Amino acid sequence: MSTADRTRERPLAPTAGEVATAGEDPVLDEVRPLSGVRETLYFAFRNKKLVFGLVVTTAMLAFAIVGPLIARHPPLAFGGRLGWAPTTREGYWFGTTLLGQDVFAQFVTGLRLAFIVGALGGGIAAVMGMLVGFTAGYRGGIVDELLNMLTNVVLVIPTFALLLVIAAYLNVRSIATEAIFIGLTSWPWAARALRAQTFSLTSRDFVSLARLSGSGSSKIIFKEIAPNMSSYLVMMFILLFGNAVLIAATLDFIGLGPSNTISLGMMMQLSVQNAALQLHLWWWFVPPGLALMTIVGSLYVMNVGLDEVFNPRLRNM
Amino acid sequence: MTRYLLRKFFIYCLTFVAAVTIDWSIPHLMPGNPVLTLMGRIQIQDPQVAQHVYANYMRSFNLDLPLWKQYYYFWVSLVHGDLGTSILQFPSPVSSIILHAAPYTLGLLVPAILLSWYVGNKLGALAARRKVLDNTLLPFGYMLTATPYMWFSIVLVWVFAITLHLAPVGFAYSPTAIRGFNTTFIFDLLHHWLLPFLSLFLVACGGWAIGMRNLIIYELESDYAHYLEALGAPRRLVRKYAFRNALLPQVTGLALALGAVIAGALVTEIVFSYPGLGYQIYRAITNEDYFVIQGIFLFIIVGVLIANFIIDIVYVIVDPRTRIGMEGGQA
């Protein structure tokens, strides 16, 4: 049984208002969704994992937005003392690199880029996954066969190796192209999962009813099917987001990061290249990885929390 | 069953063709002429000589032929195992570079993948629905699985190799070691192998443990588990059945996770200067040695396809339903 099915079949504790109007359909239709939202929110705020994940992610996001505004030096400018440990002097809060660059400025710039790459790459992957998954699951037949084959082919290709080749040939690389290529290669598992979900929903009565009433395919998909797996879509996007952040960091570390800026992966690459490990310049290589781990980890924890909120069976009783 | 495997095999062949085509077309689709870049690097002053060299390069890379012929020749040389020549390590052929590097990568990857899968699943199954264990193990699992492979390697090197001097900083063996099949050299190899292996193993382990823990919880809430419990079956038996059922998606998951682990191995090697494929690819990228990058890409593709096929066969063996279903004529 799928997540979306469970969401629908959740035994709702009827509120007083619902009981009173249970006989009248029109009113019921207006009351139900509201109480569903209220119930979800009730469990959402009581779920420690979800709250923890949300708080940490939001804090990191806030840091990524505010950080570059309060950094005292441009991220790529030289001029600081070489290899300074974190200090309050001259605004080098996170110290300087071996080349005298401000680690704080680099860190917050990289943090911002990580969120951009995650949102863009994860977003593109989600859209691709939805397009392919919905179409394949709803249409069925030959379209399904072809899309399934495409999904399987892209699924098997180790996308990271593919990205390596593509990025290596691009002379000028930007954060946008990086995100686009990550998005275009990381959708298959999402498409596969969505296809299965769509498949099971398409045979339901309410979809048949919509079809009988003359709605077009796209309207049925976006008005009837998609809302019924909204929780699933949210969780899928979160996973794709975290995935995109990690892939981008790995690409950057291997030397294929965007030109003319600095990312968390590039910070790690440069620190390894410049013997920061041997010189114990820990403030240079510890923060970027730690930040990535925190962002992605809190996203994962948030995801499990969401799963428990939407999926009563998983709640720890 | 044969039909199922044949179908899979067809998909993999298709994937291989697609991958080779992509591998061939990327340099052609990208703006810029690689030969011009090469010419720019050697900087010949005399225009007449430059023209000759240019024409020679165009001919030797088959760039003067029509596109379909270039594509055809790409396949021909591929079938002959010719992946081109490295520019950086001229004149070693790319295939020999790969053959020298691959054992190191496989030596890291295969044990790391198999052991992390085994240990991770066991740990996850132990943790599921056991409050204390769940609350201690799970946060570690999430932290590990969210850790970028290279950062974990960096931290391990810094702490264990550089600060505590417990392990070598990098490379596959000590510079003073004499290569040979004796205990000293094998011990030296293992000594250098341990830290990069641990780095891969631990990060991968976290993901498996979490996956298994969540799957077991799903299984324990399913009807058959409740029924067994209602019959008074001991809890251990219920968990055993749940584990077996949860193992199936994890087998499929192994195929899906391959790409991530390989990417992890590549960057781990870079941190440890471990002379495998990742280290070669890093050198190739920083020196724009494109044939090496393309060759390693194809090698990884073939490896992943073979691994996928093995996993498919294992799945058929592990899951009796696929066998019965296949014989019934359903694909």
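Criteria and thresholds
- Residues numbered from 1 in each chain as written.
- Chains lettered and ligands numbered in written order.
- Predicted model: local features only at pLDDT ≥ 70, side-chain atom pairs only at ≥ 80, totals over all residues.
- Helix = DSSP H or I, 4+ residues; strand = E, 2+ residues; numbered from the N terminus.
- Buried ≥ 20, exposed ≤ 12 C-beta atoms within 10 Å, placed from the backbone.
- Contact = placed C-beta atoms within 7 Å.
- Axes fitted to C-alpha atoms, helices over the stretch in contact; angles between N-to-C directions.
- Left-handed = near helix turned anticlockwise from the far one by under 90°.
- Nonpolar A, V, L, I, M, F, W, Y, C, P; charged D, E, K, R; others polar.
- Expected span 1.5 Å × (residues − 1).
- pLDDT = per-residue confidence, 0-100.
- Core = buried A, V, L, I, M, F, W, Y, C linked by C-beta atoms within 7 Å.

Draft legend 1. Just the overall build of chain B, in detail. A count of helical and extended segments in chain B gives 13 helices and zero strands. In chain B, the order of α-helices and β-strands from amino to carboxyl end is α-α-α-α-α-α-α-α-α-α-α-α-α. Out of the 331 residues belonging to chain B, those deemed buried represent 34%. Excluding contacts between residues fewer than 6 apart, the proportion of contacts in chain B whose partners are at least 24 apart in sequence is 71%.

Draft legend 2. Looking closely at the overall build of chain A. Along chain A, the regular secondary structure elements total 14 helices and zero strands. Beginning at the N terminus, the succession of helices and strands in chain A can be written as α-α-α-α-α-α-α-α-α-α-α-α-α-α. Per-residue burial over chain A gives 46% buried out of 317 residues. For chain A, contacts bridging at least 24 residues in sequence account for 70% of all contacts bridging at least 6.

Draft legend 3. Seen up close, the interface of chain A and chain B. Each side of the interface is counted separately: chain A has 40 residues, and chain B has 48 residues. Those elements giving two or more residues to the side of chain A that touches chain B turn out to be helix 6 (141-156), helix 7 (159-169), helix 12 (230-256), helix 13 (264-273) and helix 14 (282-310) of chain A.

Draft legend 4. Spatial organisation of the packing of helix 14 of chain A against helix 7 (residues 149-163) of chain B. With their axes 10 Å apart at the nearest point, helix 14 of chain A and helix 7 of chain B run at an angle of 140° to one another. Handedness of the crossing formed by helix 14 of chain A with helix 7 of chain B: left-handed. Where helix 14 of chain A abuts helix 7 of chain B, its residues W282, F285, G289 and L292 of chain A lie against W151, I154 and W158 of chain B. Classifying every residue of the contact of helix 14 of chain A with helix 7 of chain B gives six nonpolar, one polar and no charged.

Draft legend 5. Representation of the packing of helix 5 (residues 94-127) of chain B against helix 8 (residues 183-220) of chain B. Residue and element names in this part refer to chain B. Packing of helix 5 against helix 8 brings their axes to within 6 Å, and their N-to-C directions diverge by 35°. The handedness of the crossing between helix 5 and helix 8 is right-handed. For the contact of helix 5 with helix 8, the class distribution of residues is 22 nonpolar, seven polar and one charged.

Draft legend 6. Spotlight on helix 9 (residues 188-202) of chain A. Taking 1.5 Å per residue as the helical rise, helix 9 of chain A with its 15 residues ought to reach 21 Å, and the 21 Å between its terminal C-alpha atoms agrees with that figure. All of the buried residues in helix 9 of chain A are P188, A190, A191, R192, L194, R195, Q197, T198 and L201 of chain A.

Draft legend 7. Structural detail: the confidence of the model for chain A. Per-chain confidence: chain A averages 83 in pLDDT, with 87% of residues scoring 70 or above. Here residues 1-33 of chain A is a poorly scored stretch, pLDDT under 50, and it has 29 contacts once near neighbours within four places are set aside; other chains count.

Draft legend 8. Region of the structure containing helix 11 (residues 277-286) of chain B. Buried residues dominate helix 11 of chain B, accounting for seven of its 10 residues. Where helix 11 of chain B terminates, the next one or two residues include E288 of chain B, which has phi positive at roughly 55°.

Draft legend 9. Region of the structure containing the environment of N121 of chain B. Residues and elements named next belong to chain B. Tracing the backbone shows N121 in helix 5. N121 sits 91 residues away from M212 along the chain, and the two C-alpha atoms are 5.5 Å apart. Not counting residues within four places of it along the chain, the set of residues in contact with N121 comprises W208, M212, L247 and Q250.

Draft legend 10. Structural view of unusual backbone geometry. At A275 of chain A, a residue that is not glycine, the phi angle is positive and equals roughly 60°. Note that A275 of chain A resides in the loop between helix 13 and helix 14. Residue S273 of chain B is not a glycine yet carries a positive backbone phi of 50°. Among the secondary structure elements, S273 of chain B is positioned in the loop between helix 10 (235-272) and helix 11. By the C-beta count within 10 Å, which is 16 here, S273 of chain B ends up partly exposed.

Draft legend 11. Structural view of the confidence of the model for chain B. Summing up the model confidence of chain B, the mean pLDDT is 86 and the portion of residues at 70 or higher is 95%. With a pTM of 0.87, the predicted complex shows an ipTM of 0.87.

Draft legend 12. Seen up close, the environment of M39 of chain B. Position of M39 of chain B relative to the elements: it lies in helix 2 (residues 34-42). M39 of chain B has contacts with A50 and Y54 of chain B, leaving out every residue within four places of it along the chain.

Draft legend 13. Representation of the nonpolar core within the structure. L164, A244, V245 and L292 of chain A together with I154, L200 and I293 of chain B are the most contacted members of the largest nonpolar core, which has 170 residues in total. Examining the composition of this core, we find that 19 residues originate from one element, helix 5 (residues 103-139) of chain A, more than from any other. Apart from residues no more than four positions distant in its own chain, I154 of chain B is found in contact with M268, V272, L277, F285 and G289 of chain A together with V271 of chain B.

Draft legend 14. Highlighting the environment of F171 of chain B. All names here are of chain B. When you line up the elements, F171 lands in the loop between helix 7 and helix 8. Separated by 74 residues in sequence, F171 and I97 place their C-alpha atoms 17 Å apart. In contact with F171, other than residues within four places in its own chain, are H192, S273 and Y274.

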